[in-house]
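Chains, contacts and geometry: an overview
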Amino acid sequence: MSSVRGSHLPRLLSKSDFYTNSLAVPLIIPYAVTDRKFCIKLQNSSNQFKHNARHQFCSSFSHLAMKENKPLKNPLLLIGKKNDNHKRAIANRINSQINHKQISQFSTKGIVSVKHGCLHGVKDRFNGVWVDLSQSTGVENPESMTEEVFENLLSNSLNIWKSENVSSVWIKVPIALSHVISVASHYQFEYHHAEGKRAVLCLWMDGSTESRIPRFATHQIGVSGVVINENNREVLVVKDKNKKYNVWKFPGGLSDLGEDIADTAIREVFEETGVQTEFKSILAFRQQHDQRNAFGRSDIYILCRLTPLSFELKPCNEEIEAAQWMSIDELMGHRETSAFSRHMAKLIVRGLEHGFDQVDITPNWTKSVFKTDMRLFHRPLKD
């Protein structure tokens with residue numbers, strides 16, 4: 001059982017609140033004179049456990065409300081207000097007569113307290129707390145929350161989380177509530193990342209150690225399709241539009257979120273040249289820092305070996321200045337070929353002359369620790 005001070009009369013939650021899927025479910029006993037409130041926490045337990053708890057407290061509230069000679073149809077919807085003497089009287093009687101031993105038996109450890117006047121948070125496995133302002137804020141209409149209300153909620157919450165030795169706090173802020181970000185900054189919150197219609201703020205709570213909060217994405221992933229026609233030793237190359245140094249290169253681009261490397265290579269080749277291909281292997285990859293137009297991230301570029309399934313060229317008018325099938329020898333000696341592409345050409349020649357099993361990095365399906373299938377890329381294992 002937890003007891004906290006507050007300046008507002010809390011509400012009793014409705015029956016539907018007992019069906020929530022969040023880690024903790026609060027039941028607030030309202031007060032009128034003593035300026036106290038109590039919170040029990042129901043962990044995700046069996047339905048029978050929740051049913052018994054709900055039945056017990058519903059019965060207690062109904063019984064106490066009847067003693068006031070003005071029973072409520074649903075006492076769990078009781079809202080304590082200073083100007084409502086009847087509700088204040090019921091709240092006072094409930095607060096004085098409820099069996100606190102019965103409340104304490106529902107208390108659990110290891111979960112985040114959810115109390116009136118605080119932000120509703122969920123703990124992660126690193127002892128951090130996550131708050132989503134678009135879903136649960138402790139106020140009835142989150143989108144209408146003012147800066148003053150948010151500051152009160154945040155200040156109260158930080159005091160509680162500090163007492164619970166929370167390591168970090170994460171707040172997801174939708175665009176509609178962007179005005180509260182400046183308030184969070186006064187409490188030393190920083191941007192972790194922002195994407196789409198939401199920003200994520202973070203705060204390291206342990207002042208005795210350096211922050212262990214990881215940075216958001218440190219790299220962007222680009223993928224190139226090295227399309228090789230082994231019958232005539234030709235490769236598919238393109239020239240981009242609007243480039244200061246325009247050289248012949250292999251088609252490619254950035255991988256989409258959730259997109260496999262092989263799928264990116266096939267998609268990029270088709271979008272830029274109209275050629276259909278099949279993925280075979282990874283030939284090489286490079287890492288580069290301080291690259292232009294990488295949004296301040298480092299860059300990893302993966303080169304995949306593809307086999308052509310079609311040969312007709314249909315270059316993308318918006319992105320591609322020229323596309324052609326070029327012999328590997330011409331590519332190696334062309335004055336408009338970069339050192340990077342020449343190095344890749346040597347790797348291709350080795351595969352053509354000695355077999356691509358000498359250069360391929362091939363994928364194999366295996367199980368991750370999360371019991372899902374994943375591709376593991378490595379050189380072929382020798383028997």
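Concerning the pairing of strand β5 (residues 128-132)
With four of five residues buried, β5 is to be regarded as a mostly interior element. Linking strand β4 (residues 122-123) to β5, which pair antiparallel, is a turn of four residues; within it N127 sits at a positive phi near 65 degrees. Relative to strand β6 (residues 168-174), β5 runs parallel, the two sharing five bridges. Note that in β6 the partner of W130 across the bridge is W170.

Comments concerning the nonpolar core
One finds L133, F150, I171 and F189 to be the most contacted residues of the largest nonpolar core, which totals 23 residues. Of all elements in the fold, only β5, α4 (147-163), β6, α5 (181-186) and β8 (198-204) reach the threshold of two or more residues within this core. If one sorts the elements of this core by residue count, α4 sits on top with five residues. Once residues within four sequence positions are removed from consideration, I171 is found in contact with V131, L133, F150, L154, F189, A199, V200 and L201. Formed by 19 residues, the second largest nonpolar core is a distinct cluster that contains W248, I348, V349 and F356.

Overview of unusual backbone geometry
The residue N165 is not glycine, and still its phi comes out positive at about 60 degrees. Considering the arrangement of structural elements, one finds N165 in the loop between α4 and β6. Of note, R233 is a non-glycine position whose phi angle comes to about 60 degrees, a positive value. Mapped onto the secondary structure, R233 falls in the loop between β9 (219-229) and β10 (234-240).

What to know about the sheet that holds β6
One open sheet accounts for five strands, arranged β4-β5-β6-β8-β7; its pairing is mixed. On the outer flanks of this sheet lie β4 and β7 (190-195), each paired with one strand and no other. The strands touched by α4 within the sheet are β5, β6 and β8, with β6 carrying the most contacts at an inclination of about 160 degrees.

Considering the environment of I171
Secondary-structure assignment places I171 in strand β6. Judged by relative accessible area, which is 1%, I171 ranks as buried. The spacing of I171 and L133 is 38 residues in sequence and 7.1 Å in space, taken between C-alpha atoms.

Some details on the environment of V237
Looking at where V237 falls in the secondary structure, it is placed in strand β10. Among the residues examined, V237 registers a relative accessible area of 0% and is labelled buried. Apart from the residues lying within four places of it in its own chain, the contact partners of V237 are W248, K249, F250, A322, A323, Q324, M326 and L331.

A few points about the environment of L254
If you trace the backbone, L254 turns up in strand β11 (residues 252-254). For L254, a relative accessible area of 43% corresponds to the partly exposed category. As a C-alpha pair, L254 and A265 span eleven residues in sequence and 9.3 Å in three-dimensional space.

Regarding the side chain of N246
Its location among the elements puts N246 in the loop between β10 and β11. Here the side chain of N246 touches D240 through a polar contact of 2.6 Å, landing on its backbone oxygen. In terms of polar contacts, N246 uses its side chain to reach the side chain of E321, at 3.2 Å. Residues within four places of N246 in sequence aside, it is in contact with K239, D240 and E321.

Basis of the calculations
Residues numbered from 1 in each chain as written. Predicted model: local features only at pLDDT ≥ 70, side-chain atom pairs only at ≥ 80, totals over all residues. Heavy atoms only, no water. Buried < 20%, exposed > 50% of the residue type's maximum accessible area, 1.4 Å probe, protein only. Helix = DSSP H or I, 4+ residues; strand = E, 2+ residues; numbered from the N terminus. Pairing = 2+ DSSP bridges. Core = buried A, V, L, I, M, F, W, Y, C linked by side-chain atoms within 4.5 Å. Contact = heavy atoms within 4.5 Å. Axes fitted to C-alpha atoms, helices over the stretch in contact; angles between N-to-C directions. Polar contact = N/O pair within 3.5 Å; in protein donor to acceptor, adjacent residues only side chain to side chain.

Note that all results are geometric; they support no functional claim without further evidence.
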